[in-house]
Every structure is written in structure tokens, then in C-alpha cells.
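Architecture and fold: a report
In case you want the letters, here they are:
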Amino acid sequence: MGQLKSLLVDLFADRPGRRQALAIGAVATGLSLSNANPASFAAENKKGFQDVIDRKDGYTFLYPFGWQEVAIQGQDKVFKDVIEPLESVSVNMVPTNKEDIRDLGSPQQVAEALIKKVLAPASQKTKLVEAAEHDVDGKAYYTFEFIAQAPNYIRHGLGTVSIGNGKFYTVTTGANERRWEKMKDRLHTIIDSFKIFNV
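These numbers come from a predicted model, not from an experiment.

About the criteria used
Residues numbered from 1 in each chain as written. Predicted model: local features only at pLDDT ≥ 70, side-chain atom pairs only at ≥ 80, totals over all residues. Heavy atoms only, no water. Phe/Tyr/Trp six-rings, centres within 6.5 Å; stacked < 30°, edge-to-face > 60°. Helix = DSSP H or I, 4+ residues; strand = E, 2+ residues; numbered from the N terminus. Buried < 20%, exposed > 50% of the residue type's maximum accessible area, 1.4 Å probe, protein only. Pairing = 2+ DSSP bridges. Contact = heavy atoms within 4.5 Å. Axes fitted to C-alpha atoms, helices over the stretch in contact; angles between N-to-C directions. Core = buried A, V, L, I, M, F, W, Y, C linked by side-chain atoms within 4.5 Å. Polar contact = N/O pair within 3.5 Å; in protein donor to acceptor, adjacent residues only side chain to side chain. Salt bridge = Lys/Arg side-chain N within 4 Å of Asp/Glu carboxyl O.

One pass over the full model with this rule turns up eight aromatic pairs. Judged by centre distance (6.0 Å) and plane angle (40°), the ring pair of Tyr 59 and Phe 194 falls under tilted. Of this pair, Tyr 59 sits in strand S2 (residues 59-64) while Phe 194 sits in the loop between helix H5 (180-193) and strand S10 (195-196), and the two are 135 residues apart along the sequence. Judged by relative accessible area, Tyr 59 falls into the buried class, the value being 0%. Between Tyr 63 and Phe 79 the ring centres are 3.9 Å apart and the planes differ by 20°, which places this aromatic pair in the stacked class. In this pair, Tyr 63 is assigned in strand S2 and Phe 79 in strand S4 (residues 77-80), connecting sequence segments 16 residues apart. By way of ring pairs, the aromatic residues Tyr 59, Phe 61, Tyr 63, Phe 79, Tyr 141, Tyr 169 and Phe 194 are connected into one cluster.

Taken in spatial order, the seven strands of this open sheet run S3-S4-S5-S9-S8-S7-S6, and their pairing is antiparallel. The open sheet is flanked by strand S3 (68-69) and strand S6 (125-136), the only strands paired with a single partner. Along the sheet, helix H4 (residues 107-119) makes contact with S6, strand S7 (139-149), strand S8 (154-164) and strand S9 (167-176), crossing S6 at roughly 135°. Of the strands in this sheet, strand S5 (88-95), S7, S8 and S9 are in contact with H5, which crosses S9 at around 165°.

What follows covers the nonpolar core. The biggest cluster of nonpolar side chains holds 24 residues, and the ones touching the most others in it are Tyr 59, Phe 61, Trp 67, Val 89, Leu 187 and Phe 194. Elements represented by at least two residues in this core include exactly strand S1 (49-54), S2, S5, S9 and H5. Counting residues per element, this core draws most heavily on H5, at five residues. Core analysis: the next-biggest nonpolar cluster, separate from the first, contains 14 residues, Val 110, Val 118, Phe 146 and Val 161 among them.

Attention now goes to the sheet that holds S10. Strands sit in the order S1-S2-S10 across an open sheet of three strands; the sheet is antiparallel. Of all strands in the sheet, those with a lone pairing partner are S1 and S10, marking the two edges. Strand direction decides the pairing type here: S1 and S2, joined by six bridges, are antiparallel. Counted as the bridge partner of Gln 50 is Tyr 63 from S2. This element, H5, spans S1, S2 and S10 of the sheet and lies at about 170° to S2.

Turning our eyes to something else, we now look at the environment of His 156. Position of His 156 among the secondary structure elements: in strand S8. Owing to a relative accessible area of 5%, His 156 belongs among the buried residues under this scheme. Spatially, the C-alpha atoms of His 156 and Arg 178 are 9.0 Å apart, while their sequence positions differ by 22 residues. Residues within four places of His 156 in sequence aside, it is in contact with Glu 145, Phe 146, Ile 147, Thr 173, Gly 174, Ala 175, Glu 177 and Trp 180. In this structure the side chain of His 156 is engaged in a polar contact, spanning 2.7 Å, whose partner is the side chain of Glu 177.

As a further point, take the pattern of salt bridges. Taken as a whole, this structure holds seven salt bridges when the rule is applied. The shortest N-O distance in the salt bridge between Lys 77 and Asp 54 comes to 3.5 Å. Taken together, the residues Lys 77 in strand S4 and Asp 54 in strand S1 connect sequence positions 23 residues apart. Residues Lys 77 and Asp 54 agree in their burial class; the two are buried. Put simply, Arg 178 and Glu 84 hold a salt bridge, and the shortest N to O gap is 3.2 Å. With Arg 178 in the loop between S9 and H5 and Glu 84 in the loop between S4 and S5, this pair connects stretches of sequence that are 94 residues apart. Glu 84 gets classed as buried once you look at its relative accessible area, which sits at 17%.

Below is the structure:
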């Protein structure tokens, strides 16, 4: 996961010469922003969750009580369960000039590219379960559910992507497949709570 940021840059940064590859691969997204008040997000806190409001990078989300923040190179924020290491959430950002999510592919195309090239090692078998677009305050986000199968475990994950503040944001969370039924509502709360705001 330490190379995640460089892989995101390779896939989603707006560089000369990459426009055709990005258009063909449909692997970048965009989002226009409003003047949201980050303090209003904290009021939406749910029981059993803590909030993160990153005023420097312009995003907010919830994560379950008991998860600890850990530093992982190349990732902006990571929180994980100390007992179940596959239960985690991470936020990553790369610079981009893109502005509209729909210009660069469907939710399915974007999610498949992320899962295969960034979120799971090439050695893992992956499957996109579903992908969708949803609006928050009139702005679009792509969300997706996926499964990544390693030799000794299966991770069931969720993600959301959007663009704002000149950055491509990727948020992923998940759990071991054996704990999916117990954790899925909490993981959906994490993904559904993610919002970006102008900074």
C-alpha cells in the first residue's frame, strides 16, 4: 500500500500525453464543490462513530470508535481496528485538473480500474460487486463495492471517489469476508459520510 499514491498519480493525475489513455481507460473522476460548512458535518455524527474534519485538505468522514489512527507512507489518513487489521479506512489524494466525474467514464469503469490497478495487488483475484453514482448537495460521487481474494483471506471492500480542491480523493474501507455481515453497515456509514468542501 506504500506505493498507492504513486499509482493514483499514474492513473488519475492530469498530465500531458495521458489524456487519451485516461479517456480510453475511463479511470478519472471529477466533482464540483459548494461552499459547505465543515462544522455542519460534525452535527451528522452517528452513535458509535468519531468524525474527522480535515480543514487543510477539505474533507470529512466518520470512523468507528475504537479504530486507531496509523501513519502509512503515501496515504493522507488511515484508521484501523487494532484486533482486526483488515478493518480499516484510508484517504488518499492526488493532484488533478479534472472537474467533472462524468467526463471520464461510468462508475463501473472507474471502479474497475481502481480495483485492478491500485486497490489490490495484481496477484489477487478481484471482483466488482456494484458501482453507482450518487449526489450529495447536488454534487456527484462514485461509490463501489468489491472483493479481493488473497491466498489466505478475502477482503470485502467499499470505496468512494470524487474531485475537489484540485485533488482526486479516494476513500476505501473494508473487512475480512468472514466479518462482512457484522461490519457492512458500519463500513457503509464510513463511505456514505465522506464529503469534500472548499478550502
